[in-house]
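One-letter residues, chain by chain:
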Amino acid sequence: MRIIRVQKEVKEEEDKKVDLSLMDAFIEKYKNVRGNMIPLLQHTQELYGFIPRDAFLKLEKETNLKLSDMYGVASFYAQFRLKPVGKNIIKVCHGTACHVQNATAITEALEEELKVKDGETTKDAVFTLESVACLGCCSLAPVMMIGDNTYGKLTGKMAKDVIRSIREKEVGTPCKN
Amino acid sequence: MKKTKVIVGLGSCGLAAGAGKVYDKISAIKNESKLDFELKKTSCIGMCFREPLVEVVDEKGSYIYGDVDEARAAEILEKHIQKSLPITEYVVKTDLFDTKDKGFFEGQVKIALRNCGYMDPESIEEYEARDGYKAIKSIAVKKIAPVDVIQTVLDSGLRGRGGGGFPTGLKWRFANNNKAKTKYIICNADEGDPGAFMDRSVLEGDPHSVLEGMIIGAYAIEASDGWIYCRAEYPLAIKRLNIAIEQARKNGYLGKNVFGIEGFNFDIHIKEGAGAFVCGEETALMASIEGERGMPRKRPPFPAESGLWKSPTNINNVETFANIPWIISNGAAAYAKYGTAKSKGTKVFALTGKIKNGGLVEVPMGITIRDIVFKLGGGIQNDKKFKAVQLGGPSGGCIPEYLGDTIVDYDSVNSTGAIMGSGGMVVMDETTCMVDMARFFLDFTKKESCGKCTFCRVGTQRMLEILTRITKGEGKVGDIETLIELSNQIKDSSLCGLGQTAPNPVLTTIKYFRDEYEAHIRDKKCPAKNCKPLLTFEIITDKCTGCMVCKKVCAVNAISGERKMPHVIDQSLCTKCRSCYSKCKFDAISVS
């Protein structure tokens, strides 16, 4: 059921860092458009990687949207996040084709490499590990997507290698096991 | 002499397989060497199993090269372009000689996919060069009335390709009959079925044909605005749709008095989905466009009476729209020539799973499932035993091997308990556990249930719990009966298609593979050797050479033994990770 996907509250101090004035441009654009709630939330998330509490309050003040409606929508759709995420979001596909080709092994390998569980963010906030239903690259199963890059025909080892090379670029040092 | 063309396939699967690097490599060589050829881009031709694909068109004809990496790309340029010597062993498709993959294209009829892989999807000129926008132009020039357009679509026998199978012409007629001032047309591109990517390929490969289909639809039902509801997981499709819409606006194909038809004002907007499978259901989709939680509404009133913002609305799927321009240009009879009595035309399938040639195929209705799997798909990977195909994703069901001669049409597929669905066809072999498959789909529908109807919300949860228990070896006598009872209640008591069809994967696997359920419950065995808790890994003493490989690979140190002496697995430590099993070169590890 979709409603149980409500995430943990964000700590206040993490929340205060965001610059809310960045939202002004698209608020202006969508303010009086019909059906604007989802685009407004999508743009907010694009800016901050998640929807900060203050952003909800700003939207409530400056548009015609109600806080309760926004929270209802944000907690309904899988896309929206209410807490900060890592810089790179790893989406491991668990669609039918990937499931049949053992996508579970990919998630397990990444959990081992990143030392987080599915859905969690690494301590250094470089990666968030997620499962998605289908990326639509079924003939390359198993597949994962990081940013706009898709990686196909994976093995656990290949998935780990991809992560290591990204980490090397981000942090400068490869992750040691 | 025409300039030689080199065309790189840059669809999502091509890119995932490394086509971006191949394109860059070819581009770099072109700049350095001053080789004289034209470098172009296209999208998916359907041969996903041979990606990345590079096509070379010279004065003799077209050669499509498969499995092209950077090294192979350089080789092709050197031999084929520079020395005019095609490398025949790399060619996967050409009309000039036979290739080992030619079976993949034999038996295919490309109507919805007519342009995919044959043109640059970001170029409106190339679409028009392939007769694009000709259908709507002929409607405008010949002043064909909306009712006559609808009649043509009706006569073609086209049925909703999203899975419902409702006659498209009839749907249009209902919307046309309503004389409200504001009407909408929506393209459902919220392709959420795990294991399906037909719509993505069409949108990435031929966005203009979808726009043209929508424009024709809007003309037929007299709609003023169109929406494409596309899932956000398809960034490339959204990008190409945006480009196509801009180009169409610039050419005056969208806007006021479209194609010179006085009073026909029509524009198309894109709405990005936010990740909810239930939004593929039409009333939930409209709620989502309106900016609300995507929860289905009661029908009637049907969208044709009261849909988006309470205005009459017509919703069709991507593939349906892609067929429309072809039908208008070539006539209803040309389309109805393909197919069976009640299912006309062609259907696109995403062929995936344990199949050799996975990819996108478009076949005439009436072909058998076995032909798709073996003739087009080339059979099962590693020549294992064909067990079943899964059609229709989480709403569909499994069709077992012995019903492989079932023909592909709406009614024949429905009679097996599966559904045609939107076109995901996942092939399974002897190593796929059907109970685990059912559990997988229930896990999906449980998560995606919107929570509105109690039976769908709670019932899927209970069914999942039972199935999980069974796959863990904790099944009880009577579980199968409880599953069937719950299934029927969920089907009867849910408002929308998601709940009404959610039990199908369970019901069909029980119907055709009841023995597997019983083996799990009664004997605590998984015949497909897939469900971890039911497996035991043991070393066959006679075969073990004591090479120590398994000992090294075991992450939990469950394997002990001296060099050149048979090893032993400590069952209390074994996590059943399969590492030893897959590493052993001597088949000395048994699974039971």
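Residues numbered from 1 in each chain as written. Chains lettered and ligands numbered in written order. Predicted model: local features only at pLDDT ≥ 70, side-chain atom pairs only at ≥ 80, totals over all residues.

A. Here's a closer look at the overall build of chain A. A count of helices and strands for chain A gives eight helices and four strands. In sequence order, chain A lays out its α and β elements as α-α-α-α-α-β-α-α-β-β-β-α. Split into buried and exposed, the 177 residues of chain A put 37% on the buried side. (Helix = DSSP H or I, 4+ residues; strand = E, 2+ residues; numbered from the N terminus. Buried ≥ 20, exposed ≤ 12 C-beta atoms within 10 Å, placed from the backbone.)

B. The overall build of chain B, seen in detail. Per the secondary structure count, chain B includes 22 helices and 18 strands. For chain B, the spread of C-alpha atoms along the principal axes amounts to about 85 × 70 × 40 Å. Counting only residues that meet the buried cut, chain B has 54% of its 592 residues in that class. Taking the intrachain contacts of chain B between residues at least 6 apart in sequence as the baseline, contacts between residues at least 24 apart amount to 71%. (Contact = placed C-beta atoms within 7 Å.)

C. View of the interface of chain A and chain B. Across the contact, 36 residues belong to chain A and 48 residues belong to chain B. At the level of secondary structure, the elements contributing two or more residues to the side of chain A that touches chain B comprise α3 (37-48), α5 (67-76), α6 (96-100) and β4 (149-151) of chain A. For the side of chain A that touches chain B, the leading source of residues is α6(A), giving four residues. Here the residues of the side of chain A that touches chain B are counted per class, giving 21 nonpolar, 12 polar and three charged. (Nonpolar A, V, L, I, M, F, W, Y, C, P; charged D, E, K, R; others polar.)

D. Layout of the sheet that holds strand β1 (residues 88-93) of chain A. All names here are of chain A. Ordered by their spatial adjacency, four strands build an open sheet running β2-β1-β3-β4, and the pairing between neighbours is mixed. Looking along the sheet, the strands with just one partner apiece sit at the ends: β2 (127-132) and β4. Direction aside, neighbouring strands of the sheet carry axes that sit 20° apart on average. Here β1 pairs with strand β3 (residues 144-146) via three bridges, running antiparallel. Following the sheet pairing, isoleucine 90 is matched in β3 by isoleucine 146. (Pairing = 2+ DSSP bridges. Axes fitted to C-alpha atoms, helices over the stretch in contact; angles between N-to-C directions.)

E. Seen up close, the packing of helix α8 (residues 198-205) of chain B against helix α12 (residues 318-330) of chain B. Residues and elements named next belong to chain B. Across the interface, α8 lies against α12 with an axial gap of 9 Å and an inter-helix angle of 45°. One finds that α8 runs oblique with respect to α12. Residues Met198, Asp199, Val202 and Leu203 of α8 pack against Val318, Glu319 and Ala322 of α12. Looking at the contact of α8 with α12 residue by residue, the class counts come to five nonpolar, no polar and two charged. (Parallel < 35°, antiparallel > 145°, perpendicular 65-115°, else oblique.)

F. The arrangement of the nonpolar core in detail. Judged by nonpolar contacts, the single largest core of 217 residues is most densely connected at Val143(A) and Tyr65(B). The dominant element in this core, judged by the number of residues it contributes, is helix α9 (residues 207-221) of chain B, at nine residues. Among residues more than four places away in sequence, those in contact with Val143(A) are Cys93(A), Cys98(A), Leu135(A), Cys137(A), Thr150(A), Tyr151(A), Gly152(A), Leu154(A) and Ala16(B). Cys550(B), Cys554(B), Ile569(B) and Cys580(B) belong to the second largest nonpolar core, which has 11 residues in total. (Core = buried A, V, L, I, M, F, W, Y, C linked by C-beta atoms within 7 Å.)

G. Here's a closer look at the sheet that holds strand β3 (residues 54-57) of chain B. Residues and elements named next belong to chain B. Within the open sheet, the five strands sit side by side as β2-β1-β3-β4-β5. Their pairing is mixed. Whereas interior strands pair on both sides, the edge strands pair on one side only; in this sheet they are β2 (38-42) and β5 (91-94). Sheet twist, expressed as the mean angle between neighbouring strand axes with direction ignored, is 25°.

H. Representation of the confidence of the model for chain B within the structure. With 100% of its residues at a pLDDT of 70 or more, chain B shows a mean pLDDT of 93. Model confidence for the complex is summarised by a pTM of 0.91, with the ipTM given as 0.84. (pLDDT = per-residue confidence, 0-100.)

I. Quick look at helix α11 (residues 282-289) of chain B. The element α11(B) is largely enclosed, with a buried count of eight among its eight residues. Inspection of α11(B) places Glu282(B), Thr283(B), Ala284(B), Leu285(B), Met286(B), Ala287(B), Ser288(B) and Ile289(B) among the buried residues, and these make up the whole buried set. Here the buried face of α11(B) lies against α3 of chain A together with β6 (184-189), β7 (225-230), β8 (267-272) and β9 (313-317) of chain B. Backbone geometry just downstream of α11(B) places Gly291(B) in the positive-phi region, at approximately 90°.

J. Summary view of the pairing of β1(A). In the sheet, β1(A) pairs with β2(A) via six bridges, with the strands oriented parallel. The residue of β2(A) that forms the bridge with Ile90(A) is Leu129(A).

K. Main features of the environment of Met286(B). Residues and elements named next belong to chain B. By secondary structure assignment, the location of methionine 286 is in helix α11. C-alpha of methionine 286 to C-alpha of tyrosine 219: the two residues are 67 residues apart in sequence and 21 Å apart in space. In contact with methionine 286, not counting residues within four places along its chain, are Pro303, Gly307, Leu308 and Thr313.

L. Quick peek at the environment of Glu28(A). All names here are of chain A. Mapping glutamate 28 onto the fold places it in helix α2 (residues 24-30). Its 10 C-beta neighbours within 10 Å are what place glutamate 28 among the exposed residues. Spatially, the C-alpha atom of glutamate 28 lies 9.1 Å from that of glutamate 62, the residues being 34 residues apart in sequence.

M. View of the domain arrangement of chain B. All names here are of chain B. Considered domain by domain, chain B is made up of domain 1 (5-101), domain 2 (124-335), domain 3 (346-429), domain 4 (434-521) and domain 5 (536-591). Between the C-alpha centres of domain 1 and domain 3 there is a distance of 30 Å. With six residues of domain 1 at the interface, the matching set in domain 3 holds five residues. Partitioning the side of domain 1 that touches domain 3 into residue classes produces four nonpolar, one polar and one charged. (Domains from an automatic or database assignment.)

N. Examining unusual backbone geometry more closely. Residue and element names in this part refer to chain B. In the segment running from arginine 299 into proline 300, the intervening peptide bond is cis, with an omega of -5°. Cis geometry marks the peptide bond from proline 300 to proline 301; its omega dihedral reads 5°. Positionally, proline 301 belongs in the loop between α11 and β9. Here lysine 310, not a glycine, exhibits a phi torsion of approximately 65°, which is positive.

O. Main features of the pairing of strand β11 (residues 359-364) of chain B. All names here are of chain B. Counting buried positions along β11 gives six out of six residues, so the element sits mostly inside the fold. With burial as the criterion, each face of β11 is covered, one bearing Gly359, Val361 and Val363 and the other bearing Leu360, Glu362 and Pro364. With six bridges connecting them, strand β10 (residues 346-353) and β11 associate as antiparallel partners. The residue bridging lysine 347 from the neighbouring strand is valine 363, located in β11. In this structure, the hairpin formed by β10 and β11 is closed by a connection of five residues.

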